[in-house]
Every structure is written in structure tokens, then in C-alpha cells.
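Each chain is listed here by its residues.
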Amino acid sequence: MKLFEHEAKDILKVRGVPVPPNGGVIKTAAQLSAALKRAGKAPWVLKAQVLAGGRGKAGGIKLAKTPNEAKSMAKAMLGMDLITHQTHGQAIKVKELLIEGGVKIERELYFSVVMDRKAAAPTIIASAQGGMEIESLAADHPEALIRMSVDPNVGLRDFAARRLAFALDVPNDRVGDFCRVAKILVKSFLDLDCTMLEINPLIITPKGAMALDAKVSIDDNALYRHPELAKIPDHEASALELEAKKADISYIGLDGTIGCMVNGAGLAMGTMDTIALAGGSPANFLDVGGGADEERVTRALKIILKDRKVKAILINIFGGIVKCDMIASGVVAALAKIKLKVPLVVRLQGTNVEKGQEILAKSGIPVILADDLWAAAQKAVLAAKPAAK
Ligand code: GDP
Ligand code: MN
């Protein structure tokens, strides 16, 4: 789960990381003057809150010297379509701006903590040359990046923090503060179960180190350990994904036309692959889970049917713990409540498969039955194709 810059900064500030004077987040230009007051004296920085980096170069970060200038900038930025080198050619609408007081920058460093899978440990990546050119620096001068593995049991130790400070050429009188901040950043990464924590730039000011930007992603699977973070909405989730999350159903929306309902994540992925192999494309990943009962089947079907892209549904159930007849009853019960508008292909296999097939056959629901997954995928792909007439 990705956090907005302002959310990440709020969290880091509480933990002791200096951030610029905060004027708050605004949604309309009318909220600007109060935000400027909260942020203190001019100049101010207006920052588009979108879940992508590279905003500075794309016009999503503006420095205003007067309230009038800030006003015209805010008007232009709110509602603008931002395309940065990280948005893959797609425009993101700017709905919110973070207003901050400008700060004096002496140096811009790059500092991040990511998971290094090879080392099976968090790794600090840092550079003395932070700022907006970091991607090209990494490509052209990889030697300018410092990597330092972190033992997750101890975090960043004092000597390692000092070594980092010297490697980054931090001025002597600011080394102490830099080390303090670097240690908090690493500890935050570990404490909050981050998958990424990137501060670019981490600036050197006359007083010490400060996070001028913050990009933080949290491991969704660890959210149960962080009730305070779990309150933050998942900004990238679609309405259907949020509905599924509430029902405790693993659902990820995709671009295709075949709605899938499967039990088990591995089987769900295998089903998606098989659909692709048969020439179709899945509209979603959906794992109803091992303990799927009638209610879960109903909720899952409702979610799939709400997706307008869906032209056919493929239910693929392997009855292991879950029983095929129970799933079949669930499907019948669900379809008594919701109208089926697209062809439904069902493949059941495993425990009580005959009973399950019998229930479906007797129900009068126009189900297309298939014995194995390959046949089911082909039938679903055919059913999803627009009629060639
Ligand atoms: P990004 O381009 O999406 O990573 O956005 P950043 O928040 O990193 O801002 C881009 C650049 O704007 C930074 O590298 C700074 O040079 C500049 N910038 C951001 N905030 C301030 C500020 O408070 N004062 C000044 N002078 N420059 C700022
Ligand atoms: Mn940045």
C-alpha cells in the first residue's frame, strides 16, 4: 500500500524526522490562504499529492514567493493532469496539494531503504547526489550509489551510520544529526513493515538533516500489526477491490473480460494463465478462500457481476476442504438473488463433485459445465467473445 507524501511525512515527523513547516493539504484554492498562514513565511512550496515520483520535473512541485503567485499556481495545479516519468504515459488527476514552508537547502542527498531479496535483508541505497536526477545518475554512474545492508535485528548501528555520513560527505558539524535521522529512517522501515522508504531529497540544512520528500509503501499483509496505518485508505484500490476487502475476499481487478471465481490463490493464478493460453483475458483475480460458504460465493459473484467488463464468468473450484456440492448450492442460492447477465462456465473437481454437478444441472440455471480446466477455459473464452453476427 502506497502512502501519499503528506501521510508519510506525518508518520515520520512523529518518529522524530524533521520535515518542512506543514501548512496542510488543500482540495480547493479557497483553502489556500489558511494553509499559507499555517506554513509560515514566504516562500511556500505547493506539492501535488499523487502516488508517483518525478513530480518536480513534470510541474507538480511549485515554489511561490507571494500569496498571489501561490493562488494562481494552486488554481492551475488543482485538477491538472500530471504525467511524470513514473506514470507510464498515463495522466493522474491532481486532487490535493500539500502546502509547505520553503526551506533553505544546502545539499540534496538520496536516501532509501528497500528489501534486497538476494541478501534477504533491508538495504540502504544512498547517494551524495540526490534530487531530481537520481534515475539518470543511477543509470550512468552506478558507482555514485552507496549500498549498505542492514541487519533487521539491530537496525542501523552508530558506526555504520557514521560511515554512511562520511561516504555522503555530510559536513562534520551535521554528522551527528544526519546519523540520528538515518537511524530513525531505518528503524521506521523495520517497525512499520515497509516495502520501500525513499527520501529524495534528504536535505542538509544549516541545522541538520531534513526529509524534503517522502515515498513510503507498506506491506499490506502486515497491516494487521499496525492499526494506526490500517486506518489509512488504500488509495489505489478500486471501488470493487474495497468492497472485496470488506468481505475478506482476495480480489484484484484486471483489464480482461472473463470474471473468475476460484478457491485458492495458486489455482486462481493458474486459472488466469489457462484463460490467457486459451486466447482470452481474465477480468480479475479472485480467491474465495478455503472456507467458502454460500454467503461468500454470493458476495464474490456480486462483485464479479458489478464489473461491466465481464462478458463471461468462469468458476473453477477444486473441492479439497471445501465441498463441491456446497459451492454448487452457493452458486444456486446466489443466482436466486442476483440476475445472471452473462454466460457462466463452471468446472468442479474433487470432493462431492457428482453431487455438485447434479445440483447445478437440476437448478435450471443455464450453466456451461466443463470437466477439466483446459476445456473450461476454452468454453469461457468462446462465451466471452462478441457474437459474430
Ligand atoms: P518529486 O519530483 O516528485 O520527487 O518531488 P520532490 O518533493 O522531491 O520535489 C522536487 C524538487 O523540488 C526537490 O528536489 C527540491 O529541489 C525542490 N523542492 C521541494 N520542496 C522544496 C522546498 O521546500 N524548498 C525548495 N527550495 N525547494 C524544494
Ligand atoms: Mn522526490
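Residues numbered from 1 in each chain as written. Chains lettered and ligands numbered in written order. Predicted model: local features only at pLDDT ≥ 70, side-chain atom pairs only at ≥ 80, totals over all residues. Heavy atoms only, no water.

**Comments concerning the domain arrangement of the chain**
For step 1, the next point in the chain: The domains assigned to the chain are domain 1 (1–20 + 103–236), domain 2 (21–102) and domain 3 (239–388).
For step 2, the next point in the chain: One C-alpha centre belongs to domain 1, the other to domain 3; they are set 43 Å apart. (Domains from an automatic or database assignment.)

**Examining the coordination of the manganese ion (ligand 2)**
For step 1, the next point in the chain: Around the manganese ion (ligand 2), the protein contributes the donor atoms Asn200 (O) and Asp213 (OD), at 2.1 Å from the metal centre. Of this pair, Asn200 sits in strand 10 (residues 194–204) while Asp213 sits in the loop between strand 11 (209–211) and strand 12 (215–218); the two residues are 13 residues apart in sequence, bridging distant segments of the chain. Per residue, the accessibility class of Asn200 equals that of Asp213, and both read buried. (Donors = N, O, S within 2.8 Å, 3.2 Å for Na, K, Ca; no water. Helix = DSSP H or I, 4+ residues; strand = E, 2+ residues; numbered from the N terminus. Buried < 20%, exposed > 50% of the residue type's maximum accessible area, 1.4 Å probe, protein only.)

**A closer look at the site of ligand 1**
For step 1, the next point in the chain: Near ligand 1 lie 16 residues; those nearest to it are Lys47, Arg55, Gly56, Glu108 and Asn200.
For step 2, the next point in the chain: Contact between ligand 1 and Glu108: an oxygen atom at 2.5 Å from a side-chain N or O atom of the residue.
For step 3, the next point in the chain: Compared with its free state, where it exposes 560 Å², ligand 1 has 84% of that area covered by protein.
For step 4, the next point in the chain: Of all the secondary-structure elements, those providing two or more residues to the shell around ligand 1 are strand 2 (44–48), helix 3 (55–58) and strand 10.
For step 5, the next point in the chain: Split by domain, the residues of the shell around ligand 1 number at least three in each of domain 1 (1–20 + 103–236) and domain 2 (21–102). (Near = heavy atom within 4 Å. Polar contact = N/O pair within 3.5 Å; in protein donor to acceptor, adjacent residues only side chain to side chain. Areas by Shrake-Rupley, 256 points an atom, 1.4 Å probe, with all protein chains shown as cover.)

**Here we look at the nonpolar core**
Across soluble globular proteins, nonpolar side chains show a tendency to be buried alongside one another.
For step 1, the next point in the chain: Judged by nonpolar contacts, the single largest core of 44 residues is most densely connected at Phe111, Ile124, Phe178, Leu185 and Leu202.
For step 2, the next point in the chain: Listing elements by their share of this core, those giving two or more residues are helix 1 (5–14), strand 7 (107–116), strand 8 (121–127), helix 6 (158–167), helix 7 (175–191), strand 10, strand 11 and strand 12.
For step 3, the next point in the chain: Counting residues per element, this core draws most heavily on helix 7, which supplies 9 residues.
For step 4, the next point in the chain: For Leu185, the contacting residues outside a window of four places in its chain are Leu12, Val17, Phe111, Leu197, Ile199 and Leu202.
For step 5, the next point in the chain: The next biggest cluster of nonpolar side chains, apart from the first, holds 36 residues, and it includes Leu240, Tyr251, Cys324 and Ile338. (Core = buried A, V, L, I, M, F, W, Y, C linked by side-chain atoms within 4.5 Å. Contact = heavy atoms within 4.5 Å.)

**Considering the environment of Ile146**
For step 1, the next point in the chain: Counting through the fold element by element, Ile146 comes out in strand 9 (residues 146–149).
For step 2, the next point in the chain: The spatial distance from the C-alpha of Ile146 to the C-alpha of Leu348 is 54 Å, given a sequence separation of 202 residues.
For step 3, the next point in the chain: Filtering out sequence-adjacent residues up to four positions away, Ile146 remains in contact with Ile124, Ile125, Ala126, Leu164, Ala167 and Leu168.

**Some words on the side chain of His6**
For step 1, the next point in the chain: Relative to the elements of secondary structure, His6 occurs in helix 1.
For step 2, the next point in the chain: Given a relative accessible area of 15%, His6 falls into the buried group.
For step 3, the next point in the chain: If sequence neighbours within four positions are ignored, His6 has contacts with Val25, Gln49, Glu96 and Leu98.

**Considerations on the sheet that holds strand 6 (residues 97–101)**
For step 1, the next point in the chain: The strand order across the open sheet formed by 4 strands is 1-6-2-3, and the pairing between neighbours is antiparallel. For this open sheet the edge positions go to strand 1 (22–26) and strand 3 (61–64), each flanked by a neighbour on one side alone. Neighbour-to-neighbour, the strand axes of this sheet turn through a mean angle of 20 degrees, independent of strand direction.
For step 2, the next point in the chain: Relative to strand 3, strand 2 is paired through 4 bridges, and the arrangement is antiparallel. Bridged to Lys47 within strand 3 is Ile61.
For step 3, the next point in the chain: Contacts between helix 2 (residues 32–39) and the sheet are confined to strand 1, strand 2 and strand 6, with strand 1 contributing the most and set at about 160 degrees to the helix.
For step 4, the next point in the chain: This element, helix 4 (residues 67–77), spans strand 2, strand 3 and strand 6 of the sheet and lies at about 160 degrees to strand 3. (Pairing = 2+ DSSP bridges. Axes fitted to C-alpha atoms, helices over the stretch in contact; angles between N-to-C directions.)

**Describing the packing of helix 11 (residues 294–306) against helix 12 (residues 324–337)**
For step 1, the next point in the chain: At their nearest, the axes of helix 11 and helix 12 sit 8 Å apart, and the two run at 50 degrees to each other. By the criterion of interaxial angle, the relationship of helix 11 to helix 12 is oblique. The chirality of how helix 11 crosses helix 12 is right-handed. For the pair helix 11 and helix 12, the contacting residues are Glu294, Val297, Thr298 and Leu301 in the first and Met326, Ile327, Gly330, Val331, Ala333, Ala334, Leu335 and Lys337 in the second.
For step 2, the next point in the chain: Looking at the contact of helix 11 with helix 12 residue by residue, the class counts come to 8 nonpolar, 2 polar and 2 charged. (Parallel < 35°, antiparallel > 145°, perpendicular 65-115°, else oblique. Left-handed = near helix turned anticlockwise from the far one by under 90°. Nonpolar A, V, L, I, M, F, W, Y, C, P; charged D, E, K, R; others polar.)

**A word on the pattern of salt bridges**
For step 1, the next point in the chain: Throughout the structure, instances matching the rule amount to 20 salt bridges.
For step 2, the next point in the chain: In this structure, the salt-bridge partner of Glu96 is Lys27, at a minimum N-O distance of 3.0 Å. Note that Glu96 is positioned in the loop between strand 5 (92–93) and strand 6 and Lys27 in the loop between strand 1 and helix 2, a separation of 69 residues in sequence.
For step 3, the next point in the chain: Owing to a relative accessible area of 16%, Glu96 belongs among the buried residues under this scheme. (Salt bridge = Lys/Arg side-chain N within 4 Å of Asp/Glu carboxyl O.)

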